[in-house]
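Notes for the structure review
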Amino acid sequence: MAAEPLFGAGLWHFGQFRDRYATDGYGPPVSTLEAIDRAGQVGSLSVVDINYPFNPPDVEVEERLKANGLRAIALTPEIYTRKFSRGAFTNPDPEIRRAAIELVSEAADLARRLGCDYVKLWPGQDGWDYPFQADYKALWQMSIDAVRELAQRHPDLRFAIEYKPREPRNRMTFSSAARTLLAIEKMDVPNVGVLLDFGHSLYGLESPADAAQLILEHGRLYAIDVNDNFRGWDDDMVVGSIHLVETFEFFHTLRQANWQGVWQLDQFPFREDAVEAARAGVEVMRTIWRALQVLDVDALAEAQARQDALAAQRIARRALLSAQIES
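I will try to describe carefully the structure that is included in this document.

Observations concerning the nonpolar core
One broad trend across soluble globular proteins is that nonpolar side chains are buried collectively. Within the largest apolar cluster, 92 residues are counted, with the highest numbers of intra-cluster contacts made by F14, F159, M187, I224, F251 and W263. Top element by residues in this core is helix α3 (residues 94-114). It accounts for 10 residues. Residues V47, I73, Y118 and A160 belong to the second largest nonpolar core, which totals 9 residues.

What follows is the structure, given as structure tokens:
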């Protein structure tokens, strides 16, 4: 049997969660170092994606990662906080736009020192809220220009754009797989790709497997985040809680393309124990991985050639159920 993939998680999975109701948080504050310790307690994680900037010195973060057997796979600069509430790369104030670019550039320098695989870009405040609020062409161009500048300034690093249809803006500039790929094509740089968040794809009414195939076809799938939701909001639930079959199809698509990246969690356990929620997510992903080993790929391909929905579902279901029984 093939070796298991590496599993990872966004470090925020182990932090404090808030919303507009529990503004004081669903638990006590958690420092970066404490979150790293919690990630280490999961026992099956190899890498974490870390928000930047963080409070402890870089050296302390490196030491704590090493002590927990973890590596930083990425840094995610916080270009979506109050300072950037009117936009990061698309802010109407050129000084704020420049501040966003420089913050990402700082993160890129540290990512290089930490040996990260990529810098993640999630410009959640870039977009608009009302009709007639903005010049769409200008927003589009500012986003493209900013990411292109960063890619050209750091040609040895990869930048992964995480798209999302909305939240916090009502409409986001990088809102879908297709739109993000179009922007990357306009950038015309080799080191910008996509981080496909399974939940964002669901929320955007995409088929995550189809979105993955589109990005793979363009050679731009740098990373994935996996979670689940009810499709009406970015709930960031435990993997496979709702859309288990679509999650299986998503990973099947990656396997067929021989994609070798990390299977990474992006879950928000508001009311659940963070360590146990991570273990639950990894357990589901391991079940899916086992199911991929027993999936009758030839029979599935034949059913798909006939577009035989019932046969394809039966083949997939048999693999999933047998893998669950084995676990």
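So, the layout of surface pockets
Its volume calculated, the largest pocket comes out at about 1,500 Å³. Along its surface, the largest pocket is lined by 38 residues, and W12, Q16, N51, Y80 and F268 are the ones closest to its centre. Listing elements by their share of the lining of the largest pocket, those giving two or more residues are α1 (32-42) and β2 (47-52). Looking at the lining of the largest pocket residue by residue, the classes come out as 16 nonpolar, 10 polar and 12 charged.

Some thoughts on the pattern of salt bridges
Scanning the model with the defined rule gives 20 salt bridges in all. Here E246 and R231 are joined by a salt bridge, their closest N and O atoms 3.1 Å apart. With a gap of 15 residues between them, E246 in helix α8 (residues 244-256) and R231 in the loop between β9 (221-225) and α8 connect regions that are remote in the sequence. Several salt bridges converge on common partners, so that one network encompasses D49, K120, E162 and D225.

Focus on the packing of helix α5 (residues 177-187) against helix α7 (residues 208-217)
The geometry of α5 relative to α7 is characterised by a closest axis approach of 10 Å and an angle of 15° between their N-to-C directions. With respect to α7, the axis of α5 lies roughly parallel. Crossing hand, α5 versus α7: right-handed. The segment α5 lies against α7, with A177, A178 and L181 engaging A211, L214 and I215. Grouping the amino acids of the contact of α5 with α7 by side-chain chemistry returns 6 nonpolar, no polar and no charged.

Digging into the side chain of R220
Looking at the element boundaries, R220 is found in the loop between α7 and β9. It turns out R220 is buried and unbridged, and the closest side chain with the opposite charge, D188, is 6.6 Å from it. Among the polar contacts listed, one links the side chain of R220 to the backbone oxygen of V189, at a separation of 3.2 Å. Residues within four places of R220 in sequence aside, it is in contact with L181, I184, V189, P190, N191, V192, G193, V194 and I215.

Details of the packing of aromatic side chains
Using the criterion set out here, one finds 12 aromatic pairs in the structure. Aromatic side chains F250 and F251 sit 5.4 Å apart centroid to centroid with 70° between the ring planes, which places their arrangement in the edge-to-face category. Measuring from ring centre to ring centre gives 3.9 Å for F251 and W263, while their planes differ by 25°; the resulting arrangement is stacked. Taken as a pair, F251 in helix α8 and W263 in strand β10 (residues 263-265) lie far apart in primary sequence, 12 residues in all. As far as burial versus exposure is concerned, F251 and W263 are alike and both buried. Taken together, F7, F198, F250, F251 and W263 form an aromatic cluster joined through their ring pairs. The aromatic ring of Y222 is capped on one face by R158, whose charged end is 4.1 Å from the ring centroid.

Regarding α7
Taken as a whole, α7 has its buried residues at P208, A209, A211, A212, I215 and L216. Along the long axis of α7, the arc covered by the buried residues comes to 160°, so they all point the same way. Across α7 from its buried face, at more than 90 degrees, point the exposed residues D210 and E217. Among the structural elements, α5, β8 (192-197), α6 (198-203), β9 and α8 are those in contact with the buried residues of α7. Taken from the residues just after α7, G219 is the one with a positive phi, measuring 65°.

As for the side chain of T180
Considering the arrangement of structural elements, one finds T180 in helix α5. When residues no more than four places from it in sequence are discounted, the contact partners of T180 are I161, Y163, F174, S175 and V194.

Criteria and cut-off values
- Residues numbered from 1 in each chain as written.
- Predicted model: local features only at pLDDT ≥ 70, side-chain atom pairs only at ≥ 80, totals over all residues.
- Heavy atoms only, no water.
- Core = buried A, V, L, I, M, F, W, Y, C linked by side-chain atoms within 4.5 Å.
- Buried < 20%, exposed > 50% of the residue type's maximum accessible area, 1.4 Å probe, protein only.
- Helix = DSSP H or I, 4+ residues; strand = E, 2+ residues; numbered from the N terminus.
- 1 Å grid on protein atoms, 1.4 Å probe; cavity = no way out; pocket = protein on both sides within 12 Å on 5 of 7 lines; lining within 4 Å.
- Points joined across faces, edges and corners; volume = space filled by probe spheres on them.
- Nonpolar A, V, L, I, M, F, W, Y, C, P; charged D, E, K, R; others polar.
- Salt bridge = Lys/Arg side-chain N within 4 Å of Asp/Glu carboxyl O.
- Axes fitted to C-alpha atoms, helices over the stretch in contact; angles between N-to-C directions.
- Parallel < 35°, antiparallel > 145°, perpendicular 65-115°, else oblique.
- Left-handed = near helix turned anticlockwise from the far one by under 90°.
- Contact = heavy atoms within 4.5 Å.
- Lys, Arg positive; Asp, Glu negative; His and termini not counted.
- Polar contact = N/O pair within 3.5 Å; in protein donor to acceptor, adjacent residues only side chain to side chain.
- Phe/Tyr/Trp six-rings, centres within 6.5 Å; stacked < 30°, edge-to-face > 60°.
- Lys NZ or Arg CZ within 6 Å of the ring centre and 35° of its normal.
- Arc of directions from axis to C-beta.

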